[in-house]
Amino acid sequence: MAVSDHKTAAFAVAGNRLDAAGEASRTDYPVLWLGLLSVLYNGILAFINHNIMPLSMTHVAASEGLIMASAIIYILHKGIYETDLPAFLFLLFTLVVTIYVSVLNRMLFIDHFRNVLIIFCFTGLGGWSNEKTMKLAFRWASLVVMIFLIFEIASVPFYVSIVHPSDYFANTRGLLPLSYNTTGLFQNALGFPERFSFGIIDHRSSSIFLEQVSLANFCGVIAVYLISMWEKLGRWDRLLMIGTAVLILVTNDTRTMLIFCFACIVGYFVFPKIPKNFNLLLMPLIVAAGFLVYTLKPNATGDNFTGRINLTMKKVMDLDPLAILGLSVDRVAEFADSGYVYLIYAATIFGVIALWLFVCLFPAGRTAAQRRCAHSLSLFIFLNMMIGGTAVFSMKIAGLLWFVVGYMRFHDNPRIRQGRPADVLS
């Protein structure tokens, strides 16, 4: 009897290994399409808006909702495991904060809950993704971004004839083009003469994202992916990712992502030597560095690095005390360009602390690749919040970013649905 039980257990283990091998070699198309749509849905909607029928904000919200609902259905179908509890509890805590803020302010305010729901959905999808599916998602997303970026560089009229960013934002966001903007581009992409630039094109590139900030941040997502997966990527994937990132850097005029990409190059060698929990110090250090910049150059203004840091620091020091407890959510729109202040107004100080802990503690840190992922994620989020606003929380950026974080958390210890003992023995 003992020999029989031993053989049964051995066959069960062998069967699970074969199942795991089969899972790893098969493309998971629901996960692939949801990952791709998170990046491409705005471009698809813009094409429809310009070439088929006018759209509105309702269509954008419905598209986002459909993507997230599909992701939730997929995750629930797979099941919530003990290892999923950090993301689930983060989402649950955010729901409590959302209800609290909405009741206190007598208005429904779900912006921060939406941001955290995106994180939950795509860490879940990434956690269930196999390596082949994740590589395909990044490969096709990067290829589409590069193709549309080449269209935009080669001929703005041709690029505009496909997606017409100006019309799209007018119809779906109510952002009417200024009188001097006759290009069809989103007006914030036009830039100005004093801005940092490589001089390759006469505006800040946008590609499939239609606006310049998301394209810049997508370069950061590519950097996180490359530093996390470099050793497992083939030559053509490396060339595609590096080529896309470089083309973004030289046409988008983004100083922050240029600094971040150089930090990732150095970090590839340095990050594996740093304990993962060092990330807990990163946000306080960045905020402290911001205060130091403000102290040394209190009068610095303008759309440059010190000017943007000073803008955030001034808003921090002018913070409404009631906002810390979530009593001034009606002012949140004033702080779309200052991430830390926006988060305090939108999520209370408790929501900020929860996000800080999740960003620092959720990524795995067992292997060198996982520590590279963890450190680059924290640097990307916390640096961006100092000089920018809400862009890193949008689905266009947060989707694939948290997708790779979820994948890296489980890639060397994958969750495999085990058969019940009764099934194995039958």
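The rules behind the values
Residues numbered from 1 in each chain as written. Predicted model: local features only at pLDDT ≥ 70, side-chain atom pairs only at ≥ 80, totals over all residues. Heavy atoms only, no water. Helix = DSSP H or I, 4+ residues; strand = E, 2+ residues; numbered from the N terminus. Polar contact = N/O pair within 3.5 Å; in protein donor to acceptor, adjacent residues only side chain to side chain. 1 Å grid on protein atoms, 1.4 Å probe; cavity = no way out; pocket = protein on both sides within 12 Å on 5 of 7 lines; lining within 4 Å. Points joined across faces, edges and corners; volume = space filled by probe spheres on them. Nonpolar A, V, L, I, M, F, W, Y, C, P; charged D, E, K, R; others polar. Salt bridge = Lys/Arg side-chain N within 4 Å of Asp/Glu carboxyl O. Buried < 20%, exposed > 50% of the residue type's maximum accessible area, 1.4 Å probe, protein only.

Q: What exactly am I supposed to notice about the side chain of Asn130 here?
A: Topologically, Asn130 is positioned in the loop between α5 (111–128) and α6 (131–154). At 2.6 Å, the side chain of Asn130 and the backbone oxygen of Arg26 are in polar contact.

Q: Where do I start with empty space enclosed by the protein in this structure?
A: If you roll a probe as big as a water molecule over the atoms, it shows you where there is empty space left. Taken as a whole and judged by the stated rule, the model has three cavities of 30 Å³ or more. Taken together, Asn115, Ile119, Leu355, Val359, Ile381, Val392, Phe393, Ala398 and Trp402 make up the lining of the second largest cavity. Secondary-structure elements contributing two or more residues to the lining of the second largest cavity are α5, α14 (339–361) and α16 (395–410). Residue composition of the lining of the second largest cavity, by class: eight nonpolar, one polar and no charged.

Q: Just checking my understanding: could you explain the pattern of salt bridges for this structure?
A: Between side chains of opposite charge, pairing is possible as soon as their charged atoms come close. According to the stated counting rule, one finds six salt bridges in the structure shown. Here Arg139 makes a salt bridge to Asp237, at a shortest N to O gap of 2.8 Å. In this pair, Arg139 is assigned in helix α6 and Asp237 in helix α10 (residues 235–252), connecting sequence segments 98 residues apart. On the accessibility criterion, Arg139 (31% relative accessible area) is partly exposed. Accessibility expressed as a relative area gives 8% for Asp237, which makes it buried. Residue Glu231 is joined to Arg372 by a salt bridge in which the shortest nitrogen-to-oxygen separation is 3.7 Å. In this pair, Glu231 is assigned in the loop between α9 (212–229) and α10 and Arg372 in helix α15 (residues 368–387), connecting sequence segments 141 residues apart. Arg372 gets classed as buried once you look at its relative accessible area, which sits at 7%.

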